[in-house]
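So you can see what is in the structure, the chains are spelled out below.
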Amino acid sequence: MHYILTHISRREISFYQYIGRTDRVFKPYSEGGSHKFPLAIAYDHHEMHIGQYAVQLMSNPACKAFDNLFDHFNNHEFCQDIMGRDFVPTVVKQGVARVCRSCGIDDTDIKDMRLIVVFNVDVNDETIKNHICDQLRSYCPELVVCEMDRHSASYFCQRGGKMQNAKYALLINSDNIDLSYRCISLDAGQVLSKNLYKDKGQDPRVKMALDLLWEDVYQSNYNLDKTNETPYLEAALNKFVTSGKAELTSVELSDGTYDVYLSKSKFESFSSNDASAIPSVMSQGLYSYDPNYTCVVLEGCASKNAFFRNSLKNYLDVYDEDKDVKLQIFNSILVNLLNGADPNKLVFKVNPELPQEPVLGAGEGVGEGEEDPWYIPDVVEQRAAGNNSGETKIEEKV
């Protein structure tokens, strides 16, 4: 049995494969050095395209191209003969076909493959999810459906510290455009409330800082095009914010280096007027549950972001997403499936005692001396690092 997992969020999609070889490793599928693809679709010269190339085709008026596919679900727009509500299932099918071709699986074997669909926390419309799954079942009858939010909430809040006392978890996710949240009952494993806030997911400090940097470079060259240069400015700003430097004094644009000035203290001050922005937007979710038993887990672009953390820390205990959690969840789903267990009732092992079972392993294309973000230490390495043995059971209603 071949296994392919697709992780679907509102704006990105990724694929993972396990084809039962001797290494028993579940690997991310990548193209162009990336394992994540924009959730976009395009039709050009009688050929369907998905991902980054589909995004590029959006600037071509002769092409039918769409991104933000979940926003087109109720639109009667077509990309060739595919209507808006079927954009996402079509992207999944196209992606699965690519993964199959990459590992030598013939099209005739697809119906014998098991497809695992994991919806991210920001995909919160049950009607849309049900339609996507119905469309995919006709393509791949062996369909398994899981939801990231329930697993990750339980995983986070069972691991230790103050989170062990939590009865509710607010999972707050930002894709740098929209903001979404779900409140999970950790006792029942049920979604108690959810919402999506359009255009509320960006850190306001970034826009203010980009505007300031653009003023500096534009004063030096009036011929610069803001749309073309913004990606360069964003890259420079992101590198600066995550560095230990106190000042940003130059940026590299498409035609050379420009002098700018932005201090770290100035960047941090940009959020002072917006400190109540997130609590104001999420008032229903924040104030509906006992703060003594509720915690917040920041995910996506909100994770390790000072603006989101500072906006919420006066109300609830705030925790950042652990990058390994997603990998551990996918691994646990796969192990359960191979063992004939319910993939929605996961056993998370802090120090796994099943090294013979498939684990998410190193992705391909990692250079010498580089750290592989997909690598999970084996049992011997974890013990050497001083991890404690044990396991946490998570039983939830789905």
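The structure this text deals with has already been given above.
Because the structure is predicted, anything quoted here is derived from the model rather than measured.

Engineer: Would you mind going over the overall build of the protein in detail, with residue names and values included?
Structural biologist: A tally of regular secondary structure across the protein gives 12 helices and 21 strands. Residues classed as buried in the protein amount to 49% of the 398 residues present. When contacts within the protein are restricted to residue pairs at least 6 apart in sequence, long-range pairs at least 24 apart make up 60% of them. With the model as given, the accessible surface of the protein reaches about 19,600 Å², and the carbon-plus-sulfur share is 45%.

Engineer: Any details on empty space enclosed by the protein? Residues and values, ideally.
Structural biologist: If you walk through the whole model with that rule in mind, you get three cavities of 30 Å³ or more. Counted as a void, the second largest cavity has a volume near 40 Å³. Along its surface, the second largest cavity is lined by F15, Y29, E31, F37, I50, G95 and R98. Broken down by class, the residue content of the lining of the second largest cavity amounts to four nonpolar, one polar and two charged.

Engineer: Which residues make up the pattern of salt bridges, and what values do they have?
Structural biologist: One side chain can pair with another of opposite charge once the charged atoms of both are near each other. Taken as a whole and assessed by the stated rule, the structure comprises 15 salt bridges. Of the charged contacts, one joins D178 and R10 as a salt bridge, the two residues approaching to 3.7 Å between their closest N and O atoms. Of this pair, D178 sits in the loop between β12 (168–174) and β13 (179–185) while R10 sits in the loop between β1 (3–8) and β2 (12–18), and the two are 168 residues apart along the sequence. Because the salt bridges share partners, they merge into one network encompassing R10, R11, D71, D175, D178 and K198.

Engineer: So what about the sheet that holds strand β7 (residues 64–66)? Which residues, and what values?
Structural biologist: Read across the open sheet, the three strands follow the order β6-β5-β7; overall the sheet is antiparallel. At either end of the open sheet lies a strand with only one pairing partner, and these are β6 (47–50) and β7. Within this sheet the neighbouring strands show an average axis-to-axis angle of 20°, counted without direction. The sheet contact formed by strand β5 (residues 41–44) and β6 spans four bridges and is antiparallel. Across the sheet, residue D44 finds its bridge partner in β6, namely E47. Packing against the sheet, helix α2 (residues 87–102) makes contact with β5, β6 and β7, and its axis sits at approximately 90° to β6.

Engineer: Requested: an account of unusual backbone geometry, with residues and values cited.
Structural biologist: Here N68, not a glycine, exhibits a phi torsion of approximately 45°, which is positive. Considering the arrangement of structural elements, one finds N68 in the loop between β7 and β8 (78–79). With a phi angle near 60°, K304 is a residue other than glycine that sits in the positive phi range. Inspection of the secondary structure assignment puts K304 in the loop between β17 (294–300) and α10 (306–312).

Engineer: Can you lay out the packing of aromatic side chains for me, pointing to particular residues and giving the numbers?
Structural biologist: For the structure on display, the rule yields seven aromatic pairs. Ring centres of Y29 and F37 lie 6.3 Å apart, and the angle between their planes is 40°; this geometry places the pair in the tilted category. Owing to a relative accessible area of 11%, F37 belongs among the buried residues under this scheme. Relative to F308, the ring of F307 has its centre 5.3 Å away and its plane inclined at 75°; by these criteria the two rings are edge-to-face. With relative accessibility at 1%, the residue F308 sits in the buried group. Each residue in the set W214, Y218 and Y222 is aromatic and connected to the rest through ring pairs, giving one cluster. The positively charged end of K167 is found above the aromatic ring belonging to Y293, 4.7 Å away from the centroid. Sitting over the face of the ring of F240, K264 holds its NZ or CZ atom 4.9 Å from the ring centroid.

Reading guide: rules and limits
Residues numbered from 1 in each chain as written. Predicted model: local features only at pLDDT ≥ 70, side-chain atom pairs only at ≥ 80, totals over all residues. Heavy atoms only, no water. Helix = DSSP H or I, 4+ residues; strand = E, 2+ residues; numbered from the N terminus. Buried < 20%, exposed > 50% of the residue type's maximum accessible area, 1.4 Å probe, protein only. Contact = heavy atoms within 4.5 Å. Areas by Shrake-Rupley, 256 points an atom, 1.4 Å probe, with all protein chains shown as cover. 1 Å grid on protein atoms, 1.4 Å probe; cavity = no way out; pocket = protein on both sides within 12 Å on 5 of 7 lines; lining within 4 Å. Points joined across faces, edges and corners; volume = space filled by probe spheres on them. Nonpolar A, V, L, I, M, F, W, Y, C, P; charged D, E, K, R; others polar. Salt bridge = Lys/Arg side-chain N within 4 Å of Asp/Glu carboxyl O. Pairing = 2+ DSSP bridges. Axes fitted to C-alpha atoms, helices over the stretch in contact; angles between N-to-C directions. Phe/Tyr/Trp six-rings, centres within 6.5 Å; stacked < 30°, edge-to-face > 60°. Lys NZ or Arg CZ within 6 Å of the ring centre and 35° of its normal.

Just geometry here; none of it tells us what the structure is for.
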